[in-house]
Amino acid sequence: MSFGIKTKELQGVYISGASCASCNTAALRNTGTIKLFHVWGIPLFPVWASSLVACAGCSSVIKIKNASEDVRHKANSVITPKALLKSSWGLSLLVLAIIGLMYLGYTSSQEKQAFVAAPQAGDIYTVKIAAFVPDGSPSNYPYGIFKVIKVDGDKVSFVVASNTYGDLKSVRKSLSDDGRKADFYSDFQIESDLTALKTKLDTGAINDIDR
Ligand SMILES: [Zn+2]
């Protein structure tokens, strides 16, 4: 991982009615320096900042606090909370990404809750087989696919896919490649009820539901 400190220079406005102490030119400008911690070139947070005054005449740069009282009075630091936040845009982006992922996770979880509360024929469940059929699958292939074929009151009937899977990625791939083939599901059926399905969703035995 590449990380470290990068320096960013900020240019502010010219200070009217103030002259350089070195060359007496009236060309002083508010500037500043921020040192930012970055990862892969993305600035995350400031570690150090300094407000400066630069002279366009003689190129001298001094800290605002070392400037004459007149210049100090007229200068405006470019190191503002807003400027710091803007420079650390990577952190803002990270926070937004986390909020986005949490929101997606939340809506997806809401959707699954709604699906188990009112199952429909054709719903496809990705499940941990052992939670439904004790000793029903080799431990190397714990995942299975169930399809709802009938809902009768609170009784739900599923057909069980012929294959079992080692991980969720294989489940997704198999569903998208072969999910619609006639022999994808075996003749083996299982039954469950709404309460049991809800419990299994809450405990993670139902991993995903496609409708
Ligand atoms: Zn100067």
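Residues numbered from 1 in each chain as written. Predicted model: local features only at pLDDT ≥ 70, side-chain atom pairs only at ≥ 80, totals over all residues. Heavy atoms only, no water.

> Kindly report on the nonpolar core, identifying the contributing residues and their values.
As a rule of thumb, soluble globular proteins bury nonpolar side chains together. Among the nonpolar cores identified, the biggest contains 17 residues, and Tyr125, Phe132, Phe146, Phe158, Leu197 and Ile206 are the most heavily contacted of them. Contributions of two or more residues to this core are made by α3 (89–117), β5 (124–128), β6 (143–152), β7 (155–161), α5 (194–202) and β9 (206–210). Per-element accounting of this core gives the leading share, 3 residues, to β7. Excluding residues within four positions of it along the chain, Phe132 makes contact with Val127, Phe146, Ile190, Leu197, Lys200, Ala205 and Ile206. (Core = buried A, V, L, I, M, F, W, Y, C linked by side-chain atoms within 4.5 Å. Buried < 20%, exposed > 50% of the residue type's maximum accessible area, 1.4 Å probe, protein only. Helix = DSSP H or I, 4+ residues; strand = E, 2+ residues; numbered from the N terminus. Contact = heavy atoms within 4.5 Å.)

> Account for the domain arrangement of the protein, naming residues and giving values.
In terms of domain boundaries, the protein breaks down into domain 1 (3–90) and domain 2 (106–210). Inter-centroid distance (C-alpha atoms) of domain 1 to domain 2 is 61 Å. (Domains from an automatic or database assignment.)

> Tell me about the coordination of the zinc ion, residues and numbers included.
Donor atoms from the polypeptide that bind the zinc ion are Cys20 (SG), Cys23 (SG), Cys55 (SG) and Cys58 (SG), placed at 2.3 to 2.4 Å. Taken together, the 4 donor atoms coordinating the zinc ion and their angles of 102 to 114° define a geometry best described as tetrahedral. Summarised as a motif, the one-chain spacing of the donors to the zinc ion is C-x2-C-x31-C-x2-C. Taken together, the residues Cys23 in the loop between β1 (3–14) and β2 (28–39) and Cys58 in the loop between β3 (42–55) and β4 (61–63) connect sequence positions 35 residues apart. (Donors = N, O, S within 2.8 Å, 3.2 Å for Na, K, Ca; no water. Tetrahedral: all angles 85-135°; square planar, octahedral: opposite > 155°, others 65-115°.)

> An account of the sheet that holds strand β8 (residues 185–193) is needed here, citing residue identities and associated values.
Taken together, 5 strands build an open sheet; the order of strands is β8-β7-β6-β5-β9 and the sheet is antiparallel. Two strands lie at the open edges of the sheet, namely β8 and β9, each paired on one side alone. Strand-to-strand twist in this sheet, taken as the mean axis angle between neighbours without regard to direction, amounts to 30°. Pairing analysis gives 4 bridges linking β5 to β9, with the strands arranged antiparallel. Each residue of the ladder has a partner; that of Tyr125, found in β9, is Ile209. Running over the sheet, α3 touches β5 and β9 and is turned about 80° from β9. Strands β5, β7, β8 and β9 of the sheet are contacted by α5, whose axis makes an angle of about 100° with β8. (Pairing = 2+ DSSP bridges. Axes fitted to C-alpha atoms, helices over the stretch in contact; angles between N-to-C directions.)

> Got a sec to walk through unusual backbone geometry? Specific residues and values, please.
With phi around 50°, Trp40 is a residue other than glycine that occupies positive phi space. For Trp40, the position within the fold is in the loop between β2 and β3.

> Quick rundown of the packing of aromatic side chains? Include the residues and the values.
Think of a pair of aromatic rings as described by two things: how far the centres are apart, and how the planes are tilted against each other in angle. Considering all chains together, one arrives at 6 aromatic pairs under this definition. Judged by centre distance (5.2 Å) and plane angle (20°), the ring pair of Phe37 and Phe45 falls under stacked. Taking relative accessible area as the criterion, Phe45 reaches 37% and is therefore assigned partly exposed. Summarising the aromatic geometry, the rings of Phe184 and Tyr185 are spaced 5.0 Å apart at their centres and angled 80° between planes, so their arrangement reads as edge-to-face. Taken together through their ring pairs, the aromatic side chains of Tyr125, Phe132, Phe146 and Phe158 make up a single cluster. (Phe/Tyr/Trp six-rings, centres within 6.5 Å; stacked < 30°, edge-to-face > 60°.)

> Before we move on, could you go through the packing of α3 against α5 and cite the residues and values that matter?
It is the contact of α3 with α5, at a shortest axis distance of 9 Å, that shows an interaxial angle of 160°. The angle between the axes of α3 and α5 places the two elements in the roughly antiparallel class. Considering only the axes of α3 and α5, their crossing is right-handed. Across from Lys112, Gln113, Val116 and Ala117 in α3, the residues of α5 making contact are Leu194, Leu197, Lys198, Leu201 and Asp202. (Parallel < 35°, antiparallel > 145°, perpendicular 65-115°, else oblique. Left-handed = near helix turned anticlockwise from the far one by under 90°.)

> So what about α3? Which residues, and what values?
In this model α3 runs 42 Å from its N-terminal to its C-terminal C-alpha over 29 residues, within 8% of the 42 Å that 1.5 Å per residue would give. For α3, the set of buried residues is Gly90, Lys112, Phe115 and Val116. Contacts from the buried residues of α3 go to β3, β5, α5 and β9. (Expected span 1.5 Å × (residues − 1).)

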